[in-house]
Amino acid sequence: MKTSTVSAFALFVSMFMGTIAQAQDYVLTIKNHQFSPKELAVPAGQKVRVIVKNQDATPAEFESSDLNREKVVSANSEIILFIGPLDPGRYVFFDDFHRETTTGVLIAK
Amino acid sequence: MDSDQPNRHYSANSMPTAPHKNKVHPLFVSAVFIALAVGMQSSFAFGLDEVYSPNAEFGEISMEVSHARSFDKNPAKDGAQVGEITLEAGLTPRFVVSVSGEYSADPGNTMQLDAHQIEGRYQFTEPGEYWMDVGALVAYSFSKQADSPDALEVKLLLQKDVGRFTHTANIGFTQNVGRFPSLTDEAGYTFLWSTRYRYSEYFQPGFEIQSDLGPGSQIGYFNQQEHYLGPSIQGKLFGHLKYQVAYLFGVSEPAAKQAVRLNLEYETHF
């Protein structure tokens, strides 16, 4: 009984944690209020880690209704976003502090 | 707040009996009507709340107004109102603190300030890091009514994205504490659920469930609890204004027939 409980707990934890180990890293840079790359391709059906590096001297806010993410990136710092697994498609994101100029698309394929 | 008020139920057995077999005294009739009215009003503890995401927004400061109103043919359930005016700040990437004033009106009565509340929300996990996003809310309400106790509320906040759908659940309990706690007051439990389809930044339709489960002894007795279910819309207007509207239908006996919940939030950054 105890063994099965421990096994079930271990299985649950491995399922819970396993997704992190499998996540691939992708880098998105903000410089001069522009995303680079403007289109970031990621694999569909997989969880990915997107590291957003803000190289500007002002803060930015990565925001996307498509991806359900909203997170401030302080000046000259970085954040990590866990995204997906996504269906194939285009997912728009922008810097909410400079949304007229700073936009990009994440393409899952 | 919904679960601040313990539900009281009056059975037919508890009603006073007639003092005379053949003649009913007018005072007795009046007393029966008053007792019925009080009983009906007391068993209706209207309260709808925002369904909170576990995710914090660092550096964001917001002013929020929320209001809910009941609609029912029964005057004892019609026109009950609850609301809150809140100032909120994301102090760290995982911690949000807010202060608010809570007000309410029983059916037929005018609005009154019930309590001042201080609330903290903590985000345990990064959004999308694990299978489910998890957070917690702890709130303390300082009663402004002379005969009402303070209240401590704790909620578990859960969220899961599935494609363009976002599912959010809040499981909470409230315990009366402070100056006038009644020893008979059990902790009250609540369950809130929201599902929304992220069609666009501005328009996210979905549905909402709001359940005041009452004290632990009432768990499992559906028709002693207040359950509401109905469509909702949320999104952004004019860049910095977030809105939520829900039109809910009472689906259990103590609930009002319909209720509307509105929430407006103006957000900016510091």
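Whatever comes next refers back to the structure up there.
All of the points below concern the structure found in this document. (Residues numbered from 1 in each chain as written. Chains lettered and ligands numbered in written order. Predicted model: local features only at pLDDT ≥ 70, side-chain atom pairs only at ≥ 80, totals over all residues. Heavy atoms only, no water.)

Before going further, it helps to spend a moment on unusual backbone geometry. All names here are of chain A. Note the cis peptide between Ser36 and Pro37, where omega equals -5°. Position of Pro37 relative to the elements: it lies in the loop between β2 (34-36) and β3 (39-42). With an omega of 0°, the peptide bond running from Gly84 to Pro85 counts as cis. Locating Pro85 in the fold gives a position in the loop between β7 (77-83) and β8 (89-95). In the Ramachandran plot, His33 falls in the positive-phi region, its phi being about 55° despite a non-glycine side chain. Of note, His33 is situated in the loop between β1 (24-31) and β2. (Helix = DSSP H or I, 4+ residues; strand = E, 2+ residues; numbered from the N terminus.)

Residues and elements named next belong to chain B. When strand β9 (residues 204-215) meets strand β10 (residues 226-237), the two strands line up antiparallel, connected through nine bridges. The residue bridging Ile209 from the neighbouring strand is Leu229, located in β10. Pairing geometry for β10 and strand β11 (residues 241-250), over eight bridges, is antiparallel. Pairing of Ser232 across the sheet is with Ala246, part of β11. (Pairing = 2+ DSSP bridges.)

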